[in-house]
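A structural walkthrough
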Amino acid sequence: MASAFDGVILIAHGARDARWMEPFFRVRDELAGRLAPAAVAIAFMEFAAPTFADGVADLYRGGARTILVIPIFLSGGGHVAKEVPELVGAERKRYHDAIFSVAGA
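Residues numbered from 1 in each chain as written. Predicted model: local features only at pLDDT ≥ 70, side-chain atom pairs only at ≥ 80, totals over all residues. Heavy atoms only, no water.

This part is about the packing of aromatic side chains. Scanning the entire structure with this criterion turns up five aromatic pairs. When the ring of Phe-24 is compared with that of Phe-44, the centres are 6.3 Å apart and the planes differ by 85°; the resulting orientation is edge-to-face. Placement of Phe-24 in helix 1 (residues 18–35) and of Phe-44 in strand 2 (residues 39–44) is noted, with a sequence separation of 20 residues between them. Assessed through its relative accessible area of 14%, Phe-24 is described here as buried. Among the residues examined, Phe-44 registers a relative accessible area of 1% and is labelled buried. A ring pair is formed by Tyr-60 and Tyr-95, whose centres lie 4.3 Å apart and whose planes are at 35°; its orientation type is tilted. Here Tyr-60, found in helix 2 (residues 52–61), pairs with Tyr-95, found in the loop between helix 3 (78–94) and strand 4 (99–102); they are 35 residues apart in sequence, far enough to count as distant. Assigned by exposure class, Tyr-60 and Tyr-95 land together as buried. Through successive ring pairs, a cluster of aromatic residues spans Trp-20, Phe-24, Phe-25 and Phe-44. When the ring centre of Tyr-60 is taken as reference, the NZ or CZ atom of Arg-65 above it lies at 3.5 Å. (Phe/Tyr/Trp six-rings, centres within 6.5 Å; stacked < 30°, edge-to-face > 60°. Helix = DSSP H or I, 4+ residues; strand = E, 2+ residues; numbered from the N terminus. Buried < 20%, exposed > 50% of the residue type's maximum accessible area, 1.4 Å probe, protein only. Lys NZ or Arg CZ within 6 Å of the ring centre and 35° of its normal.)

Structure below.
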């Protein structure tokens with residue numbers, strides 16, 4: 001069955017402590033194996049790299065044009081309700097030929 005997307009970007013809050021981010025990189029790696037050939041990237045909102053813009057740029061350079069954004073948050077609070085849509089909006093302006101869909105938290 002063909003997928004509706006060719007790129008996935010997971011977005012999490014971010015932290016200064018690299019140990020906090022390790023599970024997110026493991027989730028990305030696990031999903032990459034399951035969702036191939038769709039490319040899977042990880043991004044953080046603050047305190048850590050890669051940024052959302054960096055992650056989208058990597059997917060786009062790799063040929064992704066239909067991108068699913070998956071917020072990795074426990075609930076749909078302020079980051080998910082306000083900031084993630086703002087980040088996606090900025091990337092829609094940058095990549096006019098890309099289609100972005102946003103999943104729930």
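Turning next to the nonpolar core. Residues Ile-9, Phe-52, Val-56, Ile-67, Val-69 and Phe-100 are the most contacted members of the largest nonpolar core, which totals 17 residues. It is helix 2 that provides the largest number of residues to this core, a total of five residues. Ignoring anything within four residues of it in the chain, the contact list for Ile-67 reads Gly-7, Ile-9, Val-56, Leu-59, Ile-99, Phe-100 and Ser-101. Membership of the second largest hydrophobic core comes to 10 residues, among which are Leu-10, Phe-24, Val-40 and Leu-68. (Core = buried A, V, L, I, M, F, W, Y, C linked by side-chain atoms within 4.5 Å. Contact = heavy atoms within 4.5 Å.)

In this model, the protein chain carries an average pLDDT of 91, and 90% of its residues clear a pLDDT of 70 or more. Within the protein chain, no element has a lower average pLDDT than helix 3, which sits at 87, and none a higher one than helix 2, at 97. (pLDDT = per-residue confidence, 0-100.)

Structurally, Glu-91 is set in helix 3. Separated by 85 residues in sequence, Glu-91 and Asp-6 place their C-alpha atoms 16 Å apart. Not counting residues up to four positions away in its chain, the partners in contact with Glu-91 are Phe-52, Ala-53, Val-56 and Phe-100. Within the local environment of Glu-91, its side chain forms a polar contact with the side chain of Arg-94, the two groups lying 2.5 Å apart. (Polar contact = N/O pair within 3.5 Å; in protein donor to acceptor, adjacent residues only side chain to side chain.)

Below, the discussion takes up the pairing of strand 2. Burial of strand 2 is extensive: five of the six residues sit out of reach of the surface. Both strand 1 (residues 7–12) and strand 2 contribute to a ladder of six bridges, which runs parallel. Within strand 2, the position partnered with Gly-7 by the bridge is Ala-39. Crossover strand 1 to strand 2 through helix 1 is right-handed. (Pairing = 2+ DSSP bridges. Right-handed = clockwise from strand over helix to strand, strands pointing away.)

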